[in-house]
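Residue-level structure breakdown
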Amino acid sequence: MSGRLLKKVLQEHEESKQRNHHEEEEEEDDDEEELGARSSINPFDLLNEDDEDPEEIEIDDEAIVEEKNEDADHLSKNVQPVSKNKSKKKKKKKNKESGSNVAKPEISLDETLEALGLNANSKLEKVQDSKPNADSSKKASSRYVLEIDPKYLNLENELRRVYGSKALRSFESGTQGGGSSRLGRGGRRGVHHITKTVLISPKENWSRWDRSFSMEFLETKDGNNYFRYTHSSSYEQAQRAFQAAQAIHDLNGVASVLIHHPYHIESLITMADYFKFVGEHDMAADAIGKCLYGLERAWHPMFTPFQGNCRLEFNHETNKLFFKTLFTHMRNMDMRGCHRSALEVCKLLLSLDTSDPVGALFCVDYFALRAEEYAWLEQFSEEYRDDNSLWLFPNFSYSLAIARVYLEKMESSSSSKATHIDSLKSSSLDLMKQALKLHPTVLKKLVDKVPLKDQAWTKILKHSYFRSDESKIMSLDHLIKIYVERNYLIWRLPDIQKLLRSAADLVIESLEQDGTEAESWLCVRKEAFSAENNQYSHLATHDFSDSMPTLPPDNLQNFVADPRMVGGDQMMGVGGGGGQQQAPPPPRDLANRNPLAVLIESMLPWAHYGDGDDEIARDAHHQPDNNG
């Protein structure tokens, strides 16, 4: 069918070319008459007198009308529409004196507009669509401000931008293989292809994705799609093995789970915590990267979180590990100085669950300032919540003032028009004064944490309004601790310190002039934050800290004998026992021991990985030496 049709179309095409020359003279004679006939039908043709496109569009419409009535020819319009147009054009010009084409353009024009989505009521519909209700407009703005650019999620891109390609290559060569081969080594069998993902760049030596968990679609509500992770029977089996090892503080058993189930999330997180405690941050980040790789590979096809319209509610037990892993990944990015990437992950956490279960709202301002996204931070504070209440939180009240400092510097070099528009907003000094009046206890904590050692601060802190570092409101005090722990580094900049001191002096002056002002701000604090209980007790302060937790020295010396971890100078060979061994330490009593310390102690030795360390000597009399 297609070959015969193609021959026919090509033949018509050649005939139309041969008749073109004869028809040109006829066209020239009738140009004025034809233009007059068309002008009464489609006035837009007057704009294209020398262009044949309008005429061809009309013929297209005529062909469409005829093809709708001829079912036998409906396949031919996808093969060679140009020859159809020309043949129809020839027929039209032969019969143009009959006046039949006067009615056809009206029909074909309507159909063309309808086909292009430009019908007569399109403008009216656009006007009606441009007036959504207030709720949908606010939801759209909130979704827009949380839209994520996937290119900024790539850690290597930002490392290259911040430190240069040479430093990135050095970093990659230093971390290649390393601790990643320790986790789930038994899951690899030869070389296999690693699927690229957005959240993390997987390494070639990682295990093949085992599809042990997946994601299911739940419902669509208010324009958002809701999802939930689900576990397979093999994953549940691995979970039971993990819980058994966890119950007896056997980190060695946790590691063995990863041999058979390399993407068991809780086991990977446990190993990441161990590596973090012993100072192996690259290995900890590698374990978290494996978690993200598995979690992203399990995404549902409809799960498009970067557009801000997908929800993964924290109240589903299977979703909680995704939030924990993302939050840890965000902290790892911050440790490496990749604040722009950390900001995108923070936005992702906020968009997945609006209740903010992990406290991403209390570090998004820090990452925005460090990434120099000052305008975005202001936009976020205005659009994220309908009631515009973010400025009441201590982190936003101070961070917005800092952002305004840098925006004012940018505006000073911009055009006068832009400066006039932005001058409608409060100045950085006014915002800092407002922050100090709303949250005065922040000042004393900052002076101690930064620290601010100028004698002027001693004088300021003697004032009754700034003397205390507790507001007697549990929720507010907890948020202030988180803010100071997270943001204190920003206050080491001289320009910010100068602004803070100027604002504090003006606040003291204002309070001395109006004795009731302090009482008014106290009422605002009590109205904004509940004084009955701590609503944010689930957020641990150390999760927002730059300092990395380590084991107490009295525990470290007894648990870790691997010189790679503690810098020792004696090590047995991987394949043989050529090194000297330390005398085995005496057995320790488990009574009244720190559970975490016992957990880490139980992890050693790494005998099943084939790595020699001094801890093997501890059990030498229990099992034969297979290396010698």
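Quick note: structure is the one above.
In this report, the structure presented in the accompanying data block is examined. Being a predicted model, the structure only gives us computed values, none of them experimental. (Residues numbered from 1 in each chain as written. Predicted model: local features only at pLDDT ≥ 70, side-chain atom pairs only at ≥ 80, totals over all residues. Heavy atoms only, no water.)

**A closer look at the overall build of the protein chain**
Helices and strands together make up the secondary structure of the protein chain, namely 27 helices and three strands. Residue pairs in contact within the protein chain that sit at least 24 positions apart in sequence constitute 73% of those at least 6 positions apart. In the form shown here, the protein chain has an accessible surface area of approximately 33,900 Å², with 50% of it arising from carbon and sulfur atoms. (Helix = DSSP H or I, 4+ residues; strand = E, 2+ residues; numbered from the N terminus. Contact = heavy atoms within 4.5 Å. Areas by Shrake-Rupley, 256 points an atom, 1.4 Å probe, with all protein chains shown as cover.)

**Some words on unusual backbone geometry**
With an omega of -10°, the peptide bond between Val450 and Pro451 qualifies as cis. By the element assignment, Pro451 lies in the loop between helix H20 (441-449) and helix H21 (455-461). Phi at Arg211 is positive, roughly 55°, even though this residue is not glycine. Inspection of the secondary structure puts Arg211 in the loop between helix H8 (165-175) and strand S1 (213-221).

**Brief notes about the packing of helix H17 (residues 394-412) against helix H19 (residues 428-438)**
The interhelical angle for the contact between H17 and H19, taken along N-to-C directions, is 170°, at an axis separation of 8 Å. Relative to H19, the element H17 lies roughly antiparallel. In contact with Ser397, Tyr398, Leu400, Ala401, Ile402, Arg404, Val405 and Glu408 of H17, H19 contributes Ser428, Leu431, Met432, Ala435 and Leu436. (Axes fitted to C-alpha atoms, helices over the stretch in contact; angles between N-to-C directions. Parallel < 35°, antiparallel > 145°, perpendicular 65-115°, else oblique.)

**A look at helix H9 (residues 233-247)**
For H9, built from 15 residues, the straight-helix expectation of 21 Å at 1.5 Å per residue is met to within 8% by its first-to-last C-alpha distance of 21 Å. Looking only at H9, the buried set comprises Tyr235, Ala238, Gln239, Phe242 and Ala245. Buried residues in H9, looked at end-on, bunch into an arc of 125°, giving them a common side. In this structure, H9 carries Ser233, Arg240 and Ala247 as exposed residues pointing more than 90 degrees from its buried face. Buried residues along H9 sit in contact with S1, strand S2 (224-231), helix H10 (251-260), helix H11 (265-277) and helix H13 (320-335). His249 sits one or two positions beyond H9 and adopts a positive phi of about 55°. (Expected span 1.5 Å × (residues − 1). Buried < 20%, exposed > 50% of the residue type's maximum accessible area, 1.4 Å probe, protein only. Arc of directions from axis to C-beta.)

**A closer look at the side chain of Gln239**
Along the chain, Gln239 turns up in helix H9. Among residues more than four places away in sequence, those in contact with Gln239 are His264 and Glu266.

**A few points about the sheet that holds strand S3 (residues 310-311)**
An order of S1-S2-S3 is seen for the three strands of this open sheet, with the pairing classed as mixed. The open sheet has two edge strands with one neighbour each: S1 and S3. (Pairing = 2+ DSSP bridges.)

**What about H19?**
Every buried residue of H19 is accounted for by Ser428, Leu431, Met432, Ala435, Leu436, Lys437 and Leu438. Its buried side turned inward, H19 meets H17, H20, helix H23 (494-513) and helix H24 (517-528).

**Brief notes about the pattern of salt bridges**
Tallied over the full model, the rule gives 21 salt bridges. Across the pair Glu317 and Lys320 runs a salt bridge, and its minimum N-O distance is 3.2 Å. With a relative accessible area of 30%, Lys320 lands in the partly exposed category. Between Glu344 and Arg340 there is a salt bridge; the shortest N-O distance is 2.2 Å. Here Glu344 and its partner Arg340 are both found in helix H14 (residues 339-352), four residues apart, which amounts to about one turn of the helix. Among the residues examined, Glu344 registers a relative accessible area of 1% and is labelled buried. Residue classification places Arg340 among the buried residues on the basis of a relative accessible area of 12%. One network of salt bridges, with partners in common, ties together Glu378, Glu382, Arg404, Glu411 and Lys425. (Salt bridge = Lys/Arg side-chain N within 4 Å of Asp/Glu carboxyl O.)

**Notes on the pairing of S2**
Across eight bridges, S1 lies against S2 in antiparallel orientation. Paired with Glu216 across the bridge in S2 is Arg228. Turn length for the S1-S2 hairpin, with the two strands adjacent in sequence and antiparallel, is two residues, and the turn residue Asp222 shows positive phi of about 55°. Alignment of S2 against S3, held across two bridges, turns out to be parallel. What sits directly across from Tyr226, in S3, is Arg311.

**Considerations on the environment of Ser471**
Structurally, the position occupied by Ser471 is in the loop between H21 and helix H22 (474-487). Measuring from C-alpha to C-alpha, the distance between Ser471 and Pro440 comes to 8.5 Å, with 31 residues separating the pair along the chain. Excluding residues that lie within four positions of it along the chain, Ser471 makes contacts with Thr441, Leu476 and Asp477. A polar contact of 2.6 Å, which involves the side chain of Ser471, links it to the side chain of Asp477. (Polar contact = N/O pair within 3.5 Å; in protein donor to acceptor, adjacent residues only side chain to side chain.)

**Digging into the side chain of Ser399**
In this structure, Ser399 sits in helix H17. A polar side-chain atom of Ser399 sits 2.6 Å from a polar atom in the side chain of Asp365. For Ser399, the residues in contact, after removing those within four places along its chain, are Asp365, Leu369, Leu377, Tyr483 and Asn487.

**A closer look at the nonpolar core**
Judged by nonpolar contacts, the single largest core of 128 residues is most densely connected at Phe322, Phe380, Met432, Leu436, Leu443 and Trp491. Ranked by the residues each element gives to this core, the list is headed by H17, at nine residues. Ignoring any residue separated from it by four or fewer positions in sequence, one finds Trp491 in contact with Tyr398, Ile402, Met432, Leu446, Val450, Leu452, Tyr483, Ile496, Gln497 and Leu500. (Core = buried A, V, L, I, M, F, W, Y, C linked by side-chain atoms within 4.5 Å.)

**Some details on the packing of aromatic side chains**
Under the criterion given, the structure shown has 26 aromatic pairs. Geometrically, the ring pair formed by Trp209 and Phe213 is edge-to-face, given 5.0 Å between the ring centres and 75° between the ring planes. The burial state of Trp209 is the same as that of Phe213; both residues are buried. A ring pair is formed by Tyr263 and Tyr293, whose centres lie 5.8 Å apart and whose planes are at 45°; its orientation type is tilted. (Phe/Tyr/Trp six-rings, centres within 6.5 Å; stacked < 30°, edge-to-face > 60°.)

**Some thoughts on the environment of Asp356**
You can see Asp356 is positioned in the loop between H14 and helix H15 (364-370). Distance in space between the C-alpha atoms of Asp356 and Glu313 is 9.7 Å, their sequence separation being 43 residues.

**Focus: the packing of H9 against H11**
Describing two packed helices takes the angle between their axes plus the distance from one axis to the other. Relative to each other, H9 and H11 sit at 40°, their axes nearing to 9 Å. Judged by the inter-axis angle, H9 sits oblique to H11. Of the residues in H11, those in contact with Tyr235, Gln239 and Phe242 of H9 are Ile265, Glu266, Ser267 and Thr270. By residue class, the composition of the contact of H9 with H11 is three nonpolar, three polar and one charged. (Nonpolar A, V, L, I, M, F, W, Y, C, P; charged D, E, K, R; others polar.)

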